[in-house]
Each structure stands twice: as C-alpha cells, then as structure tokens.
Amino acid sequence: MTIIEDNASTCERAAFSVADFRERASRRIPVHPPRDTGDHILNPDLGPYATWSGPPRDAAVLIPIVDRGDRATVLLTLRTDHLQAHAGQVAFPGGKIDPQDAGPEAAAIRETFEEVGIEASAVETVGRLCPYLTGSGYRVVPVIGILDPAIRPRPNPNEVADVFEVPLDFLMNPANHLRQSREWQGKQRYFYAMPFQNRFIWGVTAGIVRSLYETVYG
C-alpha cells in the first residue's frame, strides 16, 4: 500500500485530523433535508440515469478515512485492467447491495473485506452521505468509515491492482476539484477530476469526494 505525500503546513494538517473530521461530521451528517447527488448535477440535461432505463440498482461504497495523526488520509483502490466495468480506474471499495446485506453499511464493509481484506473490526462507521446517482443506473450510498491505522490491506488480485492513500486535506481542497469534459453521444459530458501525482481520480469516485467536501467542509 502506498501513502502518497505532498507538502502542507502544520496548521493545515491539524485541521484535517480524524478528531477534527469527527467533530465536523457530527454537526453536518445526516443532511437535512436529504438530497440526491450524482453525475446529473454537472449534466442536468442527461437526467440522473443517463444510460439506464430500468429501476435504479442499489449499491454502497466505503469512504475509508485512515487515522494518521494530525493528517488523516483516504484509502482508495486501483481497479484491475481486466474488469468489465471501470477497468483501471481509481475507486472506493464497494459494490451492489446484496439481499442478505443488512443495509448499506453492511454491504460497504463486506465489499471492503472482499476487495482489500480489511476486517469489519477495523472499520468504525460514522455516517452516510446522500445517495449518489450514476449515469449507469446505480444509486450508490457512500458510507464513511474510520480505519484503524494498523490496517494491512490485502488486495484481491482479481479486482484490485493497488491500494493507496491520499491526504484528506488534498481531497477536501476545492481548488483541486477540476471540472473536465469529454464528448459523449455528440454532447459534452462534464465530470470532476482530481489528479494527484501519478493518480487520476475522476468520474463517480471524484463526484463522491466532492459530495464529502460539500457535506462536511463546504
């Protein structure tokens, strides 16, 4: 697992400790009134589920925040190149909510164990963000979890090529939330991107990071 570093002052780091995050999150989560977030926020003409005609499919991801003292980090995965969906992209651990799951928290923790080998006992859930609606037809519930700093991820090689950490202060800085676009079906489709060193965080993952910023720090 890689912990990606950059430069930040001591004062800036103190503002992004797990203790500071807990205090902010306790005041701002849950969100009232609830609101949907998603790909359609930057693309209102496409609608919430741009390429999906059926009922939305329920999914959950874990936003794993690692307690690294005065500078917390966020754990992310790099998906393997051979997967059918989102191959080679940066993602949070997560997936579909199965019928046997007790809810989004249970699904996110199960998927985290299956993908990166982090035990449920190492995860303390502290809340949910509002659902994130994807153009491919998923209604994703982001579950926020605090991870024990002693974690030793064991990536599943069938799904995960790498596990790495990015400082929370970098991801929560709106100056790093770039709006980019690509042409899709003859129109420009807009999305957030957060390039960090040799990693390119974009799409749904970056959209959920943006939602975390707007909810807890915005």
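Residues numbered from 1 in each chain as written. Predicted model: local features only at pLDDT ≥ 70, side-chain atom pairs only at ≥ 80, totals over all residues. Heavy atoms only, no water.

A. Summary view of empty space enclosed by the protein. Taken as a whole and judged by the stated rule, the model has one cavity of 30 Å³ or more. Reported here for the largest cavity is a volume of approximately 40 Å³. Every residue along the wall of the largest cavity is listed here: D39, H40, N43, L46, G47, P48, A50, G135 and R189. Split by residue class, the lining of the largest cavity holds three nonpolar, four polar and two charged. (1 Å grid on protein atoms, 1.4 Å probe; cavity = no way out; pocket = protein on both sides within 12 Å on 5 of 7 lines; lining within 4 Å. Points joined across faces, edges and corners; volume = space filled by probe spheres on them. Nonpolar A, V, L, I, M, F, W, Y, C, P; charged D, E, K, R; others polar.)

B. Spotlight on the layout of surface pockets. Here the second largest pocket is characterised by a volume of approximately 190 Å³. Lining the second largest pocket we find P30, V31, P34, R35, D36, P104, R128, L129, C130, P131, R139 and V141.

C. Local environment of unusual backbone geometry. Of note, the amide linkage connecting I29 to P30 takes the cis form, showing an omega dihedral of 0°. Relative to the assigned elements, P30 resides in the loop between α2 (18-28) and β2 (37-38). Note the cis peptide between H32 and P33, where omega equals -5°. Structurally, the position occupied by P33 is in the loop between α2 and β2. Phi at Q197 takes a positive value of approximately 50°, unusual for a residue other than glycine. Within the fold, Q197 resides in the loop between β12 (187-196) and β13 (199-202). (Helix = DSSP H or I, 4+ residues; strand = E, 2+ residues; numbered from the N terminus.)

D. The nonpolar core, seen in detail. Counting residues in hydrophobic clusters, the biggest one holds 38 residues, and the most contacted among them are F21, I63, I65, L171 and M172. Here this core takes seven residues from helix α5 (residues 203-217), the largest share from any one element. Not counting residues within four places of it along the chain, the set of residues in contact with L171 comprises V74, V166, H177, M194, I201 and V209. L62, L75, A107 and I118 belong to the second largest nonpolar core, which has 17 residues in total. (Core = buried A, V, L, I, M, F, W, Y, C linked by side-chain atoms within 4.5 Å. Buried < 20%, exposed > 50% of the residue type's maximum accessible area, 1.4 Å probe, protein only. Contact = heavy atoms within 4.5 Å.)

E. How the structure looks around the environment of A120. For A120, the location among the structural elements is in the loop between α3 (104-116) and β7 (123-128). With relative accessibility at 43%, the residue A120 sits in the partly exposed group.

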